[in-house]
Amino acid sequence: MKDIASWILNTAQTRGASYCDLRVVDERARTIATKNGKVGHASNSESLGVGIRVIADGAWGFAATQDLTRPSVEATAARAADVARASARVKQHELQLAPEKAHVDEWTTPYKVDPFTTSIADNIELLLKVDSELRAVEGVTLAEALLSFRRYEQWFYSSLGSDIHQTKFITGAGYSAYSFAGTEIHKRSYPNSFGGQYQNKGYELVEELKLVENARRIAEEVVTLHKADQCPEGVFDIILDSSQLGLQVHESVGHPIELDRVLGMEANFAGTSFLTTDKLRHLRYGSDLVNVVADATLDHGPGLGTFKYDDEGVPAQCTPIITNGLFTGYLSSRDTAAAIGENRSNGTMRAEGWNRIPLIRMTNISILPGAKPLTFEELVASTDYGIYMQTNRSWSIDDKRYNFQFGTEIGWEVKGGKLGRMLKKPSYSGITTEFWNSMDAICSRDQWTLWGTPNCGKGQPMQTMGTGHGAAPARFRQVKVGSAYKGT
Amino acid sequence: MLTHEAHSQMLTHEQAEDIFLRLSRYSNADGLEMLISGGHSALTRFANNTIHQNVEEENYVVSVRTVIGRKTARATTNKLDDDSLRRAVESAEAMTEVQVEDPDLLPLAPAPMSEGPPTERYFESTAALTPEDRARAVENIVAVAKKNGLTTAGIFSCSRSAEAIMNSRGLSVFHAQTSSEISITMLAGDSSGWQKANSPDARNLDPLVLAETAARKARDSASPREVPPGKYTVILEPAAVLDLVGFMFFDFGGMAILDQRSFLTNRVGTKLFGDNITVDDDVYHPLQSGAPYDGEGVHRQRVRLIENGVVKNLVYARSTAEKMKKSEHASQVGGIGPTGHGFPLPNEIGEAPLNVVFDAGPEGSRHTVEQMIASTDRGILVTRCWYIREVDPYEKILTGMTRDGTFYIENGRVRHGLRNFRFNESLIHLLSNISEMGTPVRASGEEAFDMVVPPMKAQDFNFTEVTKF
């Protein structure tokens, strides 16, 4: 790898680049999915290549190739410099990067069981056992289960002198049961929608999830939804389960704090942000109980946003985003940090693979648990009337991240401090800052889960990235409920 | 192995056959199928009147499917040396061996008896576009922005790609094409405008016209006002139509009916939409793009999906057609047979129409957007929709936002820009209430695949909330 790096760095320098970094990525994946008693998808895949990023004439260029021979990588480095020079034709000022030191290091995701050492036959057997449990309940019309393993090894080098070798294991598992009857299709997922739970772990995650043990309950719930009452429309207190709250954080905190969005760089596709720079350390984002961090360090847990260095060679950090309700931080890169006068990137640049340029991506954007002990049961017990909503079904938010609407798979009425009747098709909507200011309770650490969102899309060309979101069940006062079905 | 020079020159059918021959030497399976795809792609991205990202990529991926008895599995690699190809075959075979027998698995697709209609979608002038060419176009777009006191953001992308499918039953199909796309947002202090176009031939894209239109929308929607949510007459420009209707076409696959996850379950053959809704899937349409065969190499057929509001036909992969014939739905779903719409096997989804073409009726019955506005007493003009998601899968209720140019119409004229709306609208309701349509164009949005759709005027579109800008 060092040879490849030196060929590239030398070529870039010869071609006039003032900065160059490169990432050689060797990626391996296994995906197995079952559907209604059969294997639906079974594949192994691997991908190897190098992505080269340079600054020449004060502008960025990037080129990538799968061919790691010397002629190829030198030609690709030269190409990146040519692309940068073309970029320089249309610029308003010279590109500046916040300073960063050179780092030489090696790091691997802590794991117990390399998922690729587990047998495919055993993987299939587990999924078919789940499938069988789901379809044992009459009324389940479709059962889908998934196992996903990924090993992502990256060598990063830069003209600053960095030499960083990182290996990540990403494991995911989960399932969904559907029930069609009359004019309704209901769905229940475990342990979360979007394919289940994903973390930077080995196969031990699959064992921790107790997939088979929960399948019968999930199947019974999806069938029972046909008999459930429609979630009422009105303004009510709501309690969100931790996975739905994790997605709420993702959409209404995680995206608007991306500094590239704030600075207009995503205006054509993902949009901009209501969090203009004048709001930093001035905006009351939420109630005093709202504390959100962007934490990529291992101390935070094995989230999909956990690493030791980002894809610009900046060490992982923990950045306070909302502190006792006050907006206190963005997600930044070396160029966006410099653009707003910060003296260092907070290390959030990640690329989907070797053939994509790093972008500011959420790391682990987590709402911290309440400081006082509060169980879910105690939270419900302290609620006179409200709706408890569990597991995301639909999600939508405007391009400045203000107006949102979420639907969940299932809900329950809370009455007199107790969970009551099941409710189908729950939904809620609101305005980001009004919503977070209405949070008046959040459960404590023992109720907190670090969820993985494996499918966050951003950028052009589109990149899909995994992000982490820790959350515990929380209550929000007087939220608009049921507008998804209003007037339809 | 392909050298980096060969990459730059594009994969040929002969090179693809050579790779398949090498794979075949390593395989002991009953059947072997290869998909190879890749090429060169480039994208110049600009924001704040500056090119801030500019990327190029060369990559080819070989995907191998092996069949042993009634079992199948897949392995994929982008390493094209002999050792890696051998490992890919071994990996696919090892995964195949441990599969559970699938009695519904068919043998590999046979070689087609005849060629489909030609589809010329490779344009040398698009393949030859350079970073400098793209930068020059961006310079012109930025000049329009500056002339109007705006800032601009967007992309100019282009690619040349090749793909082939070959199998041990003698099937060998190859497709090469170019693509190009320009998307432009113009931003003012409190408003924005947007335009996007996409074509296999970059000469069909006019960055200046797109930039001027986006700039006009940004100017005209300045100082947006708020009107209350409710049901409005709405005029949807083609990109807005595309992103909405795109949410229903995966339900037109036979497998979606068999899985009972389609909103067409128990509805094929019924009149679900207005008389004026007729839709085909037609990869051979002159405004369409993509390969004329599916994930198994089966030639795509033209399929009439909706005729005068009645759901007429579904699309099928080979194995889905066989399953459908034996299913309880067989007598209710119209013609059943492979239509060349399957995804690469093994997969859970089955198939989908991806070359959708709306028929807007004879030219004399069509209306331009300007004519639609002129005939509207009170309504809303929507340039683009955003973050659309399915709320109810059977009633096909979608939620989403308007974006980048939403206007209030009164007494036949656009009066002013509006704060953006959230909608919750059923596609069944929407397509049952279309009062006017324009000439279909190749439209491109962000939520759905590109298709050929007209602008539409609809009654009683359900806006449920307003946002803050």
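Residues numbered from 1 in each chain as written. Chains lettered and ligands numbered in written order. Predicted model: local features only at pLDDT ≥ 70, side-chain atom pairs only at ≥ 80, totals over all residues.

1. A few points about the overall build of chain B
Counted only if it meets this: Strands here mean DSSP runs of E at least two residues long; helices mean DSSP runs of H or I at least four residues long; both are numbered from the N terminus. Only C-alpha atoms enter the radius of gyration; for comparison, a globular chain is expected to reach 2.2 Å times N to the power 0.38, where N is the number of residues. Three exposure classes are used, all based on how many other C-beta atoms lie within 10 Å of a residue's own C-beta (placed from the backbone): buried at 20 or more, exposed at 12 or fewer, and partly exposed between those limits.
Along chain B, the regular secondary structure elements total eleven helices and 19 strands. In terms of C-alpha radius of gyration, chain B reaches 24 Å, essentially the compact-globule figure of 23 Å for 469 residues. Along the first, second and third principal axes, the C-alpha set of chain B runs to 70 × 55 × 40 Å. Residues classed as buried in chain B amount to 59% of the 469 residues present.

2. A closer look at helix H3 (residues 82-97) of chain B
Applied cut-off: To estimate the expected span of a helix, subtract one from its residue number and multiply by 1.5 Å. A pair of residues counts as a contact when their C-beta atoms, built from backbone coordinates, are within 7 Å of each other.
In a regular helix each residue adds 1.5 Å, so 16 residues correspond to 22 Å; H3 of chain B covers 23 Å between its end C-alpha atoms and thus fits that length. Looking only at H3 of chain B, the buried set comprises Leu85, Ala88, Val89, Ser91, Ala92, Glu93, Met95 and Thr96 of chain B. Elements in contact with the buried residues of H3 of chain B: strand S2 (38-56) and helix H3 (120-135) of chain A together with helix H2 (13-26), strand S2 (50-68) and strand S3 (71-77) of chain B.

3. A word on the confidence of the model for chain B
All names here are of chain B. We apply this condition: Scored from 0 to 100, pLDDT records how confident the predictor is in each individual residue.
With 98% of its residues at a pLDDT of 70 or more, chain B shows a mean pLDDT of 96. Scored below 50 in pLDDT, residues 1-7 makes 14 contacts in the model with residues more than four places away or belonging to other chains. As a predicted assembly, this complex carries a pTM of 0.97 together with an ipTM value of 0.96.

4. Let's talk about the packing of helix H5 (residues 131-147) of chain B against helix H6 (residues 207-220) of chain B
Residue and element names in this part refer to chain B. Heads up, the condition is: The convention used is that axes are lines fitted to C-alpha atoms, helices contributing only their stretch in contact, and that angles between N-to-C directions extend from 0 to 180 degrees. Each angle gets one of four labels, with under 35 degrees taken as roughly parallel, over 145 as roughly antiparallel, 65 to 115 as roughly perpendicular, and the rest as oblique. Left-handed is the label given to a crossing in which the near helix is rotated counterclockwise from the far helix by less than a right angle, and right-handed is the label when the rotation is clockwise. Gly is placed with the polar residues, together with every amino acid not listed as nonpolar (Ala, Val, Leu, Ile, Met, Phe, Trp, Tyr, Cys and Pro) or charged (Asp, Glu, Lys and Arg).
At their nearest, the axes of H5 and H6 sit 9 Å apart, and the two run at 25 degrees to each other. On the basis of their axis angle, the class for H5 and H6 is roughly parallel. Where H5 crosses over H6, the handedness of that crossing is right-handed. From H5, Ala137, Asn140, Ile141, Val144 and Ala145 reach across to H6, where they touch Pro207, Leu208, Ala211, Glu212 and Ala215. For the contact of H5 with H6, the class distribution of residues is eight nonpolar, one polar and one charged.

5. Topic: the sheet that holds strand S16 (residues 365-367) of chain A
Residues and elements named next belong to chain A. Short version of the rule: Think of it this way: DSSP has to see at least two bridges between two strands before they count as a pair.
Read across the sheet, four strands follow the order S13-S12-S11-S16 without closing on themselves; strand pairing throughout is antiparallel. Two strands lie at the open edges of the sheet, namely strand S13 (326-327) and S16, each paired on one side alone. Looking at chain direction, strand S11 (residues 292-295) and S16 are connected through three bridges and run antiparallel. The residue bridging Ala294 from the neighbouring strand is Ile365, located in S16. Lying on the sheet, helix H6 (residues 242-254) is in contact with S11, strand S12 (318-323) and S16; it crosses S16 at an angle near 120 degrees.

6. Details of the pairing of strand S8 (residues 278-281) of chain B
The sheet contact formed by S8 of chain B and strand S11 (residues 356-359) of chain B spans four bridges and is antiparallel. Pairing of Asp280 of chain B across the sheet is with Val357 of chain B, part of S11 of chain B.

7. Examining helix H5 (residues 211-224) of chain A
Residue and element names in this part refer to chain A. When the terminal C-alpha atoms of H5 are compared, their 20 Å separation across 14 residues agrees well with the 20 Å that a helix rising 1.5 Å per residue should span. For H5, every residue scored as buried is listed here: Leu211, Ala215, Ile218, Ala219, Glu221 and Val222. Contacts made by the buried residues of H5 are with H3, strand S6 (163-181), strand S7 (184-190) and strand S18 (403-415).

8. Quick look at the interface of chain B and chain A
Between chain B and chain A, the contact holds 76 residues from the first and 75 residues from the second. A per-element tally of the side of chain B that touches chain A places S2 of chain B first, with eleven residues. Within the side of chain B that touches chain A, the residues separate by chemical class into 28 nonpolar, 28 polar and 20 charged. With four bridges joining them, strand S3 (residues 59-65) of chain A and S2 of chain B adopt parallel strand pairing. Note on S2 of chain B: the bridge partner recorded for Ala63 of chain A is Glu56 of chain B.

9. A look at the packing of H2 of chain B against H3 of chain B
In a pair of packed helices, the angle between the axes and the distance between the axes together describe the arrangement. All names here are of chain B. At a minimum axis distance of 9 Å, the contact between H2 and H3 shows a crossing angle of 55 degrees. Of the possible angle classes, the one that applies to H2 and H3 is oblique. Viewed along their axes, H2 and H3 form a crossing whose handedness is right-handed. Contacts from Arg22, Leu23 and Tyr26 of H2 reach H3 at Asp82, Leu85, Arg86 and Val89.

10. Some words on the domain arrangement of chain A
All names here are of chain A. Using the following cut-off: As used throughout, domain bounds are those supplied by an automatic or database domain assignment.
Examined at the domain level, chain A breaks down into domain 1 (2-227) and domain 2 (229-485). For domain 1 versus domain 2, the separation of C-alpha centres amounts to 21 Å. Residue composition of the side of domain 1 that touches domain 2, grouped by class: 16 nonpolar, 18 polar and eleven charged.

11. Some details on the domain arrangement of chain B
Residue and element names in this part refer to chain B. Taken domain by domain, chain B holds domain 1 (4-207) and domain 2 (225-469). Between domain 1 and domain 2, the C-alpha centre-to-centre distance is 26 Å. Of the residues lining the interface, 35 residues belong to domain 1; the matching set on domain 2 comes to 27 residues. Contributions of two or more residues to the side of domain 1 that touches domain 2 are made by S2, S3, strand S4 (151-167), strand S5 (172-187) and strand S6 (192-199). In terms of residues, the side of domain 1 that touches domain 2 owes the most to one element, S6, which gives seven residues. Classifying every residue of the side of domain 1 that touches domain 2 gives 13 nonpolar, 14 polar and eight charged.

12. Some points on the environment of Cys385 of chain B
All names here are of chain B. Take Cys385: it is sitting in strand S12 (residues 378-392). As a C-alpha pair, Cys385 and Gly445 span 60 residues in sequence and 8.3 Å in three-dimensional space. Residues contacting Cys385, with those up to four places away along its chain left out, are Ala240, Asp243, Leu244, Gly400, Met401, Thr402, Arg403 and Glu447.

13. Structural notes on the pairing of S4 of chain B
Residues and elements named next belong to chain B. The buried fraction of S4 is high, at 17 of 17 residues. Here strand S1 (residues 31-47) pairs with S4 via 14 bridges, running antiparallel. From the neighbouring strand, Met34 faces S4, where its bridge partner is Met166. Relative to S5, S4 is paired through 16 bridges, and the arrangement is antiparallel. Its bridge partner lying in S5, Cys158 is registered against Ser180. From the end of S4 to the start of S5, which pair antiparallel, there are four residues, and Gly170 there has a positive phi angle of about 95 degrees.

14. Some words on the environment of Leu259 of chain A
All names here are of chain A. Mapped onto the fold, Leu259 is located in helix H7 (residues 259-262). Look at Leu259 and you get buried, because 25 C-beta atoms sit within 10 Å. C-alpha separation for the pair Leu259 and Ser332, spaced 73 residues apart in sequence, amounts to 5.5 Å. Not counting residues up to four positions away in its chain, the partners in contact with Leu259 are Tyr330, Leu331, Ser332, Thr336, Ile340 and Ile360.

15. Remarks on the nonpolar core
Residues and elements named next belong to chain A. What counts here: The nonpolar core criterion groups buried Ala, Val, Leu, Ile, Met, Phe, Trp, Tyr and Cys residues into a set whenever they are joined through C-beta atoms within 7 Å.
Counting 287 residues, the largest nonpolar core has Ile52 and Ala84 as the members making the most contacts within it. Counting residues per element, this core draws most heavily on strand S5 (residues 142-158), which supplies ten residues. Setting aside residues up to four positions removed in sequence, Ile52 forms contacts with Ile8, Cys20, Leu22, Phe62, Ala63, Ala64, Thr76, Ala77 and Ala80.

16. Considering the environment of Val481 of chain A
Residues and elements named next belong to chain A. As for its position among the elements, Val481 is in strand S24 (residues 474-481). Exposure remark for Val481: the 24 C-beta atoms within 10 Å place this residue in the buried category. Counting along the chain gives 52 residues from Val481 to Ser429, while the straight-line C-alpha distance between them is 6.5 Å. Those residues within four positions of Val481 in sequence are excluded, and the remaining contacts are Cys231, Pro232, Glu233, Gly234, Val235, Phe236, Ile238, Ile387, Ser427 and Tyr428.

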